[in-house]
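One-letter residues, chain by chain:
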Amino acid sequence: MELAKQPVGINFIPLNFGGACMSIRTQLLLSYLGLILVLSLGMWAVDDRILNKMTEKNLIFAEEGVVEITTANYQLAKEILTTYGQYIVEDKAADAATELSYLLRGKKSYNYKELRRNNRLRKVAVQEIRTPEGVAGYTILFDKNRINVFHPDKKVEGINYVLWRDRYPEMWQILNRAIKEKKVTGYLTFFDKGNRERQRYTATAQVPGTPFIVAAVVNIDEFFLPTQEKIKKASQEIIAKAKQSIVEHSQKMDRTAKIAGLVAGTFFALLAGLFGFYFAGSISRPLRHLQKGVKEVGEGNFTVAVPEKGVREVVHLAHSFNELGQQLMDYIAKRDFIRDTFGRYVTQEVVKRLLESKEALELGGETREVSILISDLRGFTALTADMEPEDVVTFLNHYLGKMIEILTDSRAVIDEIIGDGILAFFGAPEPMEDHPVRAVACALAMQAAMDEVNALNRAEGLPQLEMGIAVNTGEVVVGNIGSERRTKYSVVGAHVNFASRIEAYAVGGQVLIGPATFQRVRNLIEVGATMEVKLKGVPGQTTLYEVTGIGEPYNIYLPERYETLTPLAEKIPVHLHRISEKIVISETVAWITQLSETTALVTFEGELGEWEDVRLLLLDAQGQEIPERLYGKVTAVKPGDEKHTEAQIRFTSVSPEIYLIFRRALGLS
């Protein structure tokens, strides 16, 4: 079990127990008063031996107990505050890099002298890193040629760090890594003014869009040494008071006992020895319980409790220890609640990584090959234009509920849901060797599930939905993107955009994959049509593959769609609107000459390109537009007669009324 990624404070709360317990001084006094009565009849030799043994044991037990607890607190303070200091340093470097990016990015060249005269830049580039005790470090700015641009010591600005390569080899290694890597952390060894070996912790972050690198440097032990010093001082005070009290009372009792020992007898000396053992145990037993409790907490047993018995100071210490266990249990309960709640928004793999990994909350990412899946409903906006908001939500939840279930079962990370569109990826945060196959199988399962979704829609009087899906495989940057106030685990990169471009060509009921995905799954899938298309931002032609099925162990196959075009006895007149970026750019009169349930062959005058989006408005007998609309995508264009051109249009959104008109035209109803 791993605890919190933030420091857990242990507060020793002074409690007033009244007369329920005594201080060490009072208990020692009463004990030695009892010894005076017992040893008054003893001999001096017996008195010296017994008192010396008792004093020695009391000192050993008291000191061992306090030392054990102090050592545990030392280690706990060092681990927690070192981690806390690392987070502060890394966050400071990342924040400074982000601010400097806004101030410096986009410039072709930089005049360092002018930059240094800019107080705003200096304030951002050179910042103090403080602890409650004072300044522990600072940030600096250097470029990828290793030239020091900003530094708290202006005398070293403009100097190339190569001058210190041999003198500070650890620093030189970090600088070289920082030039190539977006983020670097590490330790540097140095000797302070007292010639003591100490460590500096360094974190670097490249400034996006610029040749500069921010480095945050702190003396890491400044985060825990003050706390350890306070613990040490408190421990020494407790030991000193205990020793002083024990020694003072031992000396006083020794003098009294020697006087009384003139008349003391052997019988009373024996009783004094027995009483001494009891007295030593009253101090050592509670400390041993505390020692055992500290060990069990270190092993993860936070329910352990120690008896709150003994002298007042030990009772206070035991009470604070028991409160610490309860605080840790409360924290674990809250952490589990956060895990369960957060799991509703991202996958369990992401939740586990964010809550249990030291690096998971850091801004930034890593380059990794993943498979991206993008799905989108065809004509959803048009279908829901006249629906009530409550019906739109119900309509959409039928679809999203089933799709999210399939994606989650396939171990996909759902990156984003925007309206009716879904962006998910496979292969992160945990490595997944078969992510291309999983992504394609998931896409086919989603398409196969649309029959179930539409059956539910029909039962509630809602329109039918069609979905297009694209899958692409490639290297992207995956990780935490955003700021300290709002962070998202996401993917960015050219291959995400590439998947989006592919999705634009997918019609309803279709799964399209790119060349990289095809090469990884070609032996497992069945391919329908292939198409050569021109993708925005991609040079040359790109081959896209329509996947209709996948073999073992998935065995998912999509049913064949009826797309055979039937010539119509009477052409259907329409107004054809060309659409670009959801804006009508031209309008012409056209006629539907051939038809199927999913496709139409249209004759028209004018220009139309393959894979353009179009809108068709059917005309009635009087030449008036029918209110219901039809949306589609041009899949082929060829010359017709002398004046006309023919285009094959694949429907992406058909209203129920137009669907009935087409079925009657085909003689199907």
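In case you missed it, the structure is sitting above this.
Below: a short report on this structure.

## A few points about the environment of Thr-71
Line of reasoning, step 1. Mapping Thr-71 onto the fold places it in helix H2 (residues 44-104).
Line of reasoning, step 2. Given the relative accessible area of 49%, Thr-71 is considered partly exposed.
Line of reasoning, step 3. With 160 residues separating them in the primary sequence, Thr-71 and Ile-231 have C-alpha atoms 9.3 Å apart.

## Quick word on the packing of aromatic side chains
The geometry of an aromatic ring pair is captured by the separation of the ring centres together with the interplanar angle, meaning the angle of the planes.
Line of reasoning, step 1. Under the definition given, this model contains seven aromatic pairs.
Line of reasoning, step 2. Look at Phe-518 and Tyr-545: their rings are 3.8 Å apart centre to centre, the planes differ by 5°, and that puts the pair in the stacked class. Placement of the pair is Phe-518 in helix H15 (residues 515-521) and Tyr-545 in strand S14 (residues 542-550), with a sequence separation of 27 residues. The two residues Phe-518 and Tyr-545 agree in class, both being buried.
Line of reasoning, step 3. Each residue in the set Tyr-110, Tyr-112 and Phe-212 is aromatic and connected to the rest through ring pairs, giving one cluster.
Line of reasoning, step 4. Across from the ring centre of Trp-172, 5.5 Å away, lies the NZ or CZ of Arg-165, which sits over that ring.

## A word on the side chain of Arg-650
Line of reasoning, step 1. Counting through the fold element by element, Arg-650 comes out in strand S21 (residues 645-654).
Line of reasoning, step 2. One polar contact links the side chain of Arg-650 to the main-chain carbonyl oxygen of Gly-508, over a distance of 2.9 Å.

## A few points about helix H13 (residues 450-459)
Line of reasoning, step 1. Turning to H13, its buried residues are Met-450, Val-453, Asn-454 and Asn-457. Considered in projection along H13, the buried side chains sweep an arc of 95° and stay on one side of the axis. Across from the buried face of H13, at angles greater than 90 degrees, the exposed residues are Asp-451 and Ala-459.
Line of reasoning, step 2. Where H13 ends, the next residue or the one after it, Gly-461, has phi of about 75°, a positive value.

## Some thoughts on unusual backbone geometry
Line of reasoning, step 1. Here the bond from Ala-428 into Pro-429 is cis, since omega is 0°, no more than 30 degrees from zero.
Line of reasoning, step 2. Looking at the element boundaries, Pro-429 is found in the loop between strand S9 (421-426) and helix H12 (435-448).
Line of reasoning, step 3. In this structure, Pro-553 follows Glu-552 across a cis peptide bond, with omega equal to 0°.
Line of reasoning, step 4. By secondary structure assignment, the location of Pro-553 is in the loop between S14 and strand S15 (556-557).
Line of reasoning, step 5. Positive phi is not limited to glycine here, since Arg-411 has a value of about 65°.
Line of reasoning, step 6. Look at Arg-411 and you get partly exposed, because its relative accessible area is 34%.
Line of reasoning, step 7. Look at Asn-555: it is not a glycine, yet its phi comes out positive at around 50°.

## A word on the pairing of strand S18 (residues 599-604)
Line of reasoning, step 1. Burial analysis of S18 places six of its six residues in the buried class, which makes it a mostly covered element.
Line of reasoning, step 2. Of the two faces of S18, both are covered, the one formed by Thr-599, Leu-601 and Thr-603 as well as the one formed by Ala-600, Val-602 and Phe-604.
Line of reasoning, step 3. Judged from the five bridges that link them, strand S17 (residues 583-595) and S18 form a sheet pairing that is antiparallel. Across the sheet, the residue bridging to Ile-592 is Val-602, located in S18.
Line of reasoning, step 4. Where S18 meets S21, six bridges bridge the pair, whose relative direction is antiparallel. In the sheet register, Ala-600 faces S21, and the bridge partner there is Ile-649.

Rules behind the numbers
Residues numbered from 1 in each chain as written. Predicted model: local features only at pLDDT ≥ 70, side-chain atom pairs only at ≥ 80, totals over all residues. Heavy atoms only, no water. Helix = DSSP H or I, 4+ residues; strand = E, 2+ residues; numbered from the N terminus. Buried < 20%, exposed > 50% of the residue type's maximum accessible area, 1.4 Å probe, protein only. Phe/Tyr/Trp six-rings, centres within 6.5 Å; stacked < 30°, edge-to-face > 60°. Lys NZ or Arg CZ within 6 Å of the ring centre and 35° of its normal. Polar contact = N/O pair within 3.5 Å; in protein donor to acceptor, adjacent residues only side chain to side chain. Arc of directions from axis to C-beta. Pairing = 2+ DSSP bridges.

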